[in-house]
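Overview (structure and organization)
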Amino acid sequence: MSADKPRYLGVFTFFEAVPEPRVERTRLHPLMNILVIALLAMICVGDGWEDMEDFGLAKKSWLGTFLDLRQGIPSADTFRRVLSAVDPKAFNACFIAWVQALAVGTSGKLVAIDGKTLRHSFDRATGQKALHVVSAWIAENRLTLGQIATEEKSNEITAIPQLLEMLDIRGATITVDAMGCQRAIAEKIIDQGADYIMGLKGNQGTAHREVEEFFTEAHARDFKDVEHTFHETVDGSDHGRLEVRRAWASHEIGWFADLPKWRGLRSIIMIESERTVGDAETSIERRYYWSSHVLDAQTFAAMIRGHWGIENELHWCLDVGFREDESRIRTDHGPENLALLRKVAMNLAKSDRTRKKGIQAKRKRAAWDDAYLITLLQAGLPQNQPN
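What comes next is a walk through the structure. Being a predicted model, the structure only gives us computed values, none of them experimental.

L40, I43, L63, L83, I174, M198 and W290 are the most contacted members of the largest nonpolar core, which has 102 residues in total. Ranked by the residues each element gives to this core, the list is headed by helix α1 (residues 31-43), at twelve residues. Beyond its immediate sequence surroundings of up to four residues, I43 is in contact with A345, L348, R363, A366, L373, L376 and L377. Residues L110, I197, A247 and Y289 belong to the second largest nonpolar core, which totals twelve residues.

A positive phi angle, close to 70°, is found at V45, a residue other than glycine. As for its position among the elements, V45 is in the loop between α1 and α2 (49-58). Residue V45 is classed as partly exposed on the basis of its relative accessible area, which comes to 31%. Of note, D222 is a non-glycine position whose phi angle comes to about 55°, a positive value. With respect to the helices, strands and loops of the structure, D222 is situated in the loop between α8 (206-220) and β6 (229-236).

Let's shift gears to the sheet that holds strand β5 (residues 195-200). Spatially, β3-β2-β1-β4-β5-β9-β8-β7-β6 is the arrangement adopted by the nine strands of the open sheet, whose pairing is mixed. Lying at the two open borders of the sheet, with one neighbouring strand each, are β3 (143-150) and β6. Here the strands of the sheet are splayed against their neighbours by 20° on average, with no regard to which way each runs. One ladder, built from eight bridges, connects β6 with strand β7 (residues 241-250); its direction is antiparallel. Across the sheet, the residue bridging to D235 is E243, located in β7. Against the sheet, helix α7 (residues 183-191) touches β4 (173-176) and β5, its axis set at about 160° to β5. Contacts between helix α9 (residues 297-307) and the sheet are confined to β1 (110-117), β2 (132-138), β4, β5, β6, β7, β8 (267-277) and β9 (283-291), with β7 contributing the most and set at about 120° to the helix.

A few words now on the pairing of β8. Of all eleven residues making up β8, eight are buried, and the element is well covered by its neighbours. Examined bridge by bridge, β7 and β8 share ten bridges and lie antiparallel to one another. Paired with V244 across the bridge in β8 is E274. The sheet contact formed by β8 and β9 spans nine bridges and is antiparallel. Along β9, the bridge assignment pairs I269 with Y289. Linking β8 back to β9 in an antiparallel pair, the connection comprises five residues, with G278 at a positive phi of about 60°.

Two residues of an α-helix separated by three or four positions point the same way, owing to the 3.6 residues in each turn. For α7, every residue scored as buried is listed here: I185, A186, K188 and I189. The buried residues of α7 occupy one face: seen down the axis, they fall within an arc of 160°. At its buried positions, α7 is contacted by α6 (156-166), β4 and β5. G193 lies just past α7 and shows a positive phi near 80°.

About the cut-offs
- Residues numbered from 1 in each chain as written.
- Predicted model: local features only at pLDDT ≥ 70, side-chain atom pairs only at ≥ 80, totals over all residues.
- Heavy atoms only, no water.
- Core = buried A, V, L, I, M, F, W, Y, C linked by side-chain atoms within 4.5 Å.
- Buried < 20%, exposed > 50% of the residue type's maximum accessible area, 1.4 Å probe, protein only.
- Helix = DSSP H or I, 4+ residues; strand = E, 2+ residues; numbered from the N terminus.
- Contact = heavy atoms within 4.5 Å.
- Pairing = 2+ DSSP bridges.
- Axes fitted to C-alpha atoms, helices over the stretch in contact; angles between N-to-C directions.
- Arc of directions from axis to C-beta.

Now the structure itself:
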């Protein structure tokens, strides 16, 4: 990148620390050229290696105002080889440094952690399994904080502590589903100065059953003589759907025999969802959680609902806005690095407040309008860096 690059490209300076994966004799195109063009293509509705080359050729004159293009635009094969070889851990570390530099602190915020499988990243010919990416997502800012890749969903148990190790989560509340409800993960969260809310299911041995029995008995007695808080909300719609959500929280957990084994555990929560659609039979579902917090039922209910934003505002957007599940990129680190590029592009789009449009609409506008593409890049500037 040239010394006189425009200030709006400051977002890319955080990727200058990505280690060069090529030997010197094979470096025809600067690594930053490849990373910059790849990300810009991803923002502008690009999907893969060919799109990156086509974008570069179409925007060559504009790109030449801030990139050294004396060797031309990299080929699709060059994008494939280089981005499949880049160290994903180092790339992710640069991504995390960028998000943190946006002055997006986690203290007092909800950080949801959940995994998503890239369905077409498997390769039958080599026996490579589909990539499963575990992400940390800041609910308040609607931004991805970091990611780590595994081969299977079951590996989330070991992946989550590794992801937490990369992040500064002091003062945050970490939420995980039942897969992540593990003693080691609870301990890791507390050691890093955060709190947790964890889903409970049958995979926790007797813990889920004991908590369920506690609430079942307490509910049957209308929680008489049980220290607790309660909260209820009612949602209706024009389509005849009625949903009542109830939450109970109790700090009365001295009866739990394994309490000393769970670092920081202080509360248990029951969420009840009662749904009626038209004349259909009413269904009731109960879910159970526990937490290191001592909070009321209303606050717990809001946090638990907030956790599922990672499904609706990250995973769903990656599929609909970026067609992630359709991607058939499978070589080496290519799937993981492109998953990260999508999250960079998504963070930029979500950080932009100039247009009240969805992700896909913003990407299209950026592809059509260089001025708006610059606006998106400005949205990713650290707050202490002038425009």
